[in-house]
Protein chains: 2
Amino acid sequence: MGHVRVDLNISLDGYATTTDQTAEDPIGQDWNRLVAAYLATRTMQERVFGQPGRGTTGIDEKYAAAYFEGIGAEVMGAGMFGLHLHPDDPDWQGWWGPNPPFRVPVFVLTHEKRPSLTMEGGTVFHFVQSSAEETLQLARDAAGDRDVRIGGGIRTVRPFAAAGLIDRLHVAIAPILLGRGENLWADLRGFEGGYSVATEVAESGTIHVTFSR
Amino acid sequence: MGHVRVDLNISLDGYATTTDQTAEDPIGQDWNRLVAAYLATRTMQERVFGQPGRGTTGIDEKYAAAYFEGIGAEVMGAGMFGLHLHPDDPDWQGWWGPNPPFRVPVFVLTHEKRPSLTMEGGTVFHFVQSSAEETLQLARDAAGDRDVRIGGGIRTVRPFAAAGLIDRLHVAIAPILLGRGENLWADLRGFEGGYSVATEVAESGTIHVTFSR
């Protein structure tokens with residue numbers, strides 16, 4: 001059986017979401033600062049922007065490449081898929097265009113019933129109305145021997161962390177202070193127990209901390 | 001004129017104080033975990049425990065040695081001196097024994113009027129009933145060309161940070177999650193603006209982040 005993995009971009013003060021979105025700037029400057037180093041990597045330039053051969057090749061890239069390695073299925077919340085902004089819109093296919101970076105089955109936790117969406121490149125979005133544990137079982141079945149990622153957002157990740165279901169948590173910490181949003185570390189006192197922790201700093205200044213067991 | 005410097009030990013989730021003290025264990029296990037790597041250094045073994053020639057000599061030691069370099073005066077809150085546990089006790093001389101590690105004038109912010117205390121090794125504790133800014137001026141005058149450290153605790157540091165008075169903030173982040181206490185990062189959204197940020201990871205796993213300008 002594969003592992004359950006989480007990879008998140010957070011600020012130095014632990015925030016995994018940002019709060020400065022507007023109608024004109026639905027992503028927000030804070031989000032751009034939070035993920036800039038990650039999106040600049042060779043892997044993300046190819047996977048997210050369809051720009052092979054471009055992007056950074058240092059320590060951030062090592063983590064970006066590892067992000068996709070060995071993943072057999074993904075679980076995400078409705079918010080990460082964008083359903084909160086596109087409720088009851090049958091044409092909405094997520095943020096990632098016709099060829100999403102996942103390239104595996106993706107289980108989207110939502111109260112909204114939708115038919116599965118088959119995209120280019122191997123990504124199939126399934127919309128499930130199950131508990132975290134039940135959804136994880138669906139994802140494990142789809143992943144086979146490979147790993148399952150709990151993709152986000154933070155409210156989707158937290159119950160898996162609290163239930164001790166995460167085998168590897170990697171945070172890419174941007175050295176910025178956001179001061180508000182959803183904090184990954186809330187209610188995770190003592191989470192490090194039972195994990196080994198390894199840290200390295202990328203050329204970009206991003207601090208990569210990995211809890212693994 | 002020297003710089004104003006702050007060095008703090010915090011947890012990965014930003015806590016600079018701990019909450020598990022008891023009458024039997026007035027320091028607490030969490031505090032021990034927070035500062036273990038720092039106290040293990042060669043500098044702290046000599047300065048705090050009077051054990052020259054012992055202790056670690058890696059990256060943590062580099063920061064521990066730098067902690068005392070160029071400091072001409074120190075400012076601390078009443079709590080860091082222990083006045084909250086020893087009110088109106090004229091015999092209380094702080095936590096550090098007859099030869100405290102500071103070896104410079106130390107200005108203790110307190111409502112309690114006490115005569116100055118001259119210790120071995122150059123440390124003189126002055127008890128002042130002034131504002132943060134006025135106390136900083138006293139410390140600057142005492143330090144001359146050298147730097148002033150705002151030693152702590154966190155409630156003493158925060159107004160200096162909010163007022164933009166800190167030239168260099170170094171945090172030694174222990175890779176543990178305390179989940180409660182006083183959080184350094186509260187209300188410091190955007191603090192990184194105007195500073196350059198440098199990070200390195202010690203052999204102990206401690207993450208050293210320095211904001212300087």
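Residues numbered from 1 in each chain as written. Chains lettered and ligands numbered in written order. Predicted model: local features only at pLDDT ≥ 70, side-chain atom pairs only at ≥ 80, totals over all residues. Heavy atoms only, no water.

**Student:** How do you make sense of the interface of chain B and chain A when you look at a structure like this?
**Tutor:** With 24 residues of chain B in contact, the opposing surface of chain A contributes 24 residues. The contact between chain B and chain A buries some 2,000 Å² in all, and 61% of this surface belongs to carbon and sulfur atoms. Three residues stand out in chain B for area buried against chain A, namely Leu12(B), Leu177(B) and Arg189(B), and they jointly supply 35% of the buried area on that side. Viewed at the interface, chain A and chain B are joined by 4 salt bridges. The closest approach of N and O atoms between Glu192(B) and Arg33(A), which form a salt bridge, is 2.4 Å. Counting across the interface, chain B meets chain A through 10 residue pairs in polar contact (both at pLDDT 80 or more). When residues of the side of chain B that touches chain A are traced back to their parent elements, those giving at least two are α1 (29–39), β8 (196–201) and β9 (207–212) of chain B. Per-element tally for the side of chain B that touches chain A: the top contributor is β8(B), with 4 residues. Here the residues of the side of chain B that touches chain A sort into 14 nonpolar, 3 polar and 7 charged. (Contact = heavy atoms within 4.5 Å. Buried area = accessible area lost by both parts, 1.4 Å probe. Salt bridge = Lys/Arg side-chain N within 4 Å of Asp/Glu carboxyl O. Polar contact = N/O pair within 3.5 Å; in protein donor to acceptor, adjacent residues only side chain to side chain. Helix = DSSP H or I, 4+ residues; strand = E, 2+ residues; numbered from the N terminus. Nonpolar A, V, L, I, M, F, W, Y, C, P; charged D, E, K, R; others polar.)

**Student:** Explain the relation of the copies chain B and chain A to me, please; I cannot follow it from the model alone.
**Tutor:** Two copies of one chain are present, and they are related through a rotation about an axis combined with an axial shift. The transform that puts chain B on chain A rotates by 180° and translates by 0.0 Å along the axis, for an RMSD of 0.0 Å. Expressed as a symmetry operation, the mapping of one chain copy onto the other fits a two-fold axis. The share of interface residues of chain B whose copies in chain A are also at the interface is 100%, consistent with both copies meeting through the same surface. (Least-squares fit on C-alpha atoms with pLDDT ≥ 70 in both.)

**Student:** I'm lost on the side chain of His170(B) in this one. Help?
**Tutor:** All names here are of chain B. Following the sequence through the fold, His-170 ends up in strand β7 (residues 168–174). In this structure the side chain of His-170 is engaged in a polar contact, spanning 2.7 Å, whose partner is the side chain of Asp-7. If near-sequence neighbours (up to four positions away) are discounted, His-170 is found in contact with Val-6, Asp-7, Leu-8, Tyr-38, Tyr-63, His-208, Val-209 and Thr-210.

**Student:** Looking at this structure, I do not really get the confidence of the model for chain A. What am I missing?
**Tutor:** Detailed reading of the predicted coordinates is not advisable wherever pLDDT is low. The share of residues in chain A with pLDDT of 70 or more is 100%, and the mean pLDDT across the chain is 94. This complex was scored by the predictor with a pTM of 0.92 and an ipTM of 0.91. (pLDDT = per-residue confidence, 0-100.)

**Student:** Would you mind showing me how to read the packing of aromatic side chains here?
**Tutor:** Geometrically, a pair of aromatic rings is defined through the distance of the ring centres and the angle of the planes. Under the criterion given, the structure shown has 26 aromatic pairs over all chains. Each ring, one from Trp92(B) and one from Trp95(B), has its centre 5.4 Å from the other, and the planes form 85°; the classification is edge-to-face. With a relative accessible area of 15%, Trp92(B) lands in the buried category. Taken together, the aromatic side chains of Phe81(A), Trp96(A), Phe102(A), Phe125(A) and Phe127(A) make up a single cluster linked through ring pairs. (Phe/Tyr/Trp six-rings, centres within 6.5 Å; stacked < 30°, edge-to-face > 60°. Buried < 20%, exposed > 50% of the residue type's maximum accessible area, 1.4 Å probe, protein only.)

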